[in-house]
Amino acid sequence: MTSIRRLTSDDLPRLRQFWVEHWGGEEMVTRGNVYRPEQLDGFVIEDGGEWIGLLTFFVKDGECEVTSLDSLREGQGIGTELLNAVKEDARKRNCERIFLITTNDNMHALRFYQKRGFEMVAVHRGAVNESRKIKPTIPLIGFDGIPLRDEIELEMILNP
Ligand SMILES: CC(C)(COP(=O)(O)OP(=O)(O)OC[C@H]1O[C@@H](n2cnc3c(N)ncnc32)[C@H](O)[C@@H]1OP(=O)(O)O)[C@@H](O)C(=O)NCCC(=O)NCCS
């Protein structure tokens, strides 16, 4: 039986550990910004006590940035449920848009987000190379053997 809930401060140690396991460190770096778990909101989907999906986000100046999204049981609706949860939350907070960064190698994520209403609005060329200077664990080679170089920004405008 799975259920979704909001992250709380009690989840911080587990969130850090999750990021270490899945993203190579306790912080996320995009466009030169460093995000640490204690700054972020998030939703987790659990099966019993097991985390099977996690989304974190950061709201600032009327914009909502999704800082991480992971599904550990793909193709079962977990990613979509988490995305719907953040959309609803961002609307309640009167955000004008939701945006996120993915990388040039992540065809699966580009497909996933575009099918759910996100549009590509920028390619930040070489931005992963810059992020790697801050977080050296970011690999040089990404999915399908593609060199990991650029950050691609996608957004969804939220209508009032
Ligand atoms: C991208 C990611 C979050 C998608 O998560 P997911 O849980 O597989 O997403 P969903 O299950 O909601 O949707 C995936 C597909 O499964 C299908 N699906 C959903 N529920 C289903 C079900 N019950 N039975 C069969 N198929 C189902 C969906 O229709 C969807 O297909 P579509 O995109 O063609 O519409 C996941 O692949 C992931 O964690 N990737 C690694 C980390 C990553 O790259 N994160 C994003 C970087 S910013």
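If you're wondering where the values come from, they're calculated on a predicted model, not measured in any experiment. (Residues numbered from 1 in each chain as written. Predicted model: local features only at pLDDT ≥ 70, side-chain atom pairs only at ≥ 80, totals over all residues. Heavy atoms only, no water.)

Q: I'd like a description of the overall build of the protein, backed by residues and values.
A: A tally of regular secondary structure across the protein gives 4 helices and 9 strands. When the elements of the protein are put in sequence order from the N terminus, they spell out β-α-β-β-β-β-β-α-β-α-β-α-β. Computed over C-alpha atoms, the radius of gyration of the protein comes to 15 Å, within 12% of the 15 Å expected from 2.2 N^0.38 for 160 residues, which places it in the range of a compact globule. Seen through its C-alpha atoms, the protein measures out along the principal axes to roughly 40 × 35 × 30 Å. Out of the 160 residues in the protein, the part that is buried amounts to 46%. Contacts in the protein between residues far apart in sequence, at least 24 positions, make up 65% of those at least 6 positions apart. Put simply, the protein shows about 8,800 Å² of open surface, and 49% of that area lies on carbon and sulfur atoms. Of the side-chain charges in the protein, 21 are positive and 27 negative, and the distance between the mean point of each set is 2 Å. (Helix = DSSP H or I, 4+ residues; strand = E, 2+ residues; numbered from the N terminus. Rg over C-alpha atoms; globule rule 2.2 N^0.38 Å. Buried < 20%, exposed > 50% of the residue type's maximum accessible area, 1.4 Å probe, protein only. Contact = heavy atoms within 4.5 Å. Areas by Shrake-Rupley, 256 points an atom, 1.4 Å probe, with all protein chains shown as cover. Lys, Arg positive; Asp, Glu negative; His and termini not counted. Charge placed at Lys NZ, Arg CZ, Asp CG, Glu CD.)

Q: Go over the pattern of salt bridges, please, and point to the residues and values.
A: For the structure shown, the criterion picks out 16 salt bridges. Between Arg5 and Glu46 there is a salt bridge, and its shortest N-O distance comes to 3.1 Å. Residue Arg5 is located in strand S1 (residues 2-6), and its partner Glu46 is located in strand S4 (residues 41-47); the two are separated by 41 residues in the primary sequence. Residue Arg5 is classed as partly exposed on the basis of its relative accessible area of 28%. The partner of Arg73 in a salt bridge is Asp47, and the shortest N-O contact between them spans 2.8 Å. A residue pair is termed long-range when its members are at least 10 positions apart, and Arg73 in the loop between strand S6 (63-71) and helix H2 (78-92) and Asp47 in strand S4 qualify at 26 residues. A relative accessible area of 26% places Arg73 in the partly exposed class. Overall, Asp47 belongs to the partly exposed group, its relative accessible area being 23%. (Salt bridge = Lys/Arg side-chain N within 4 Å of Asp/Glu carboxyl O.)

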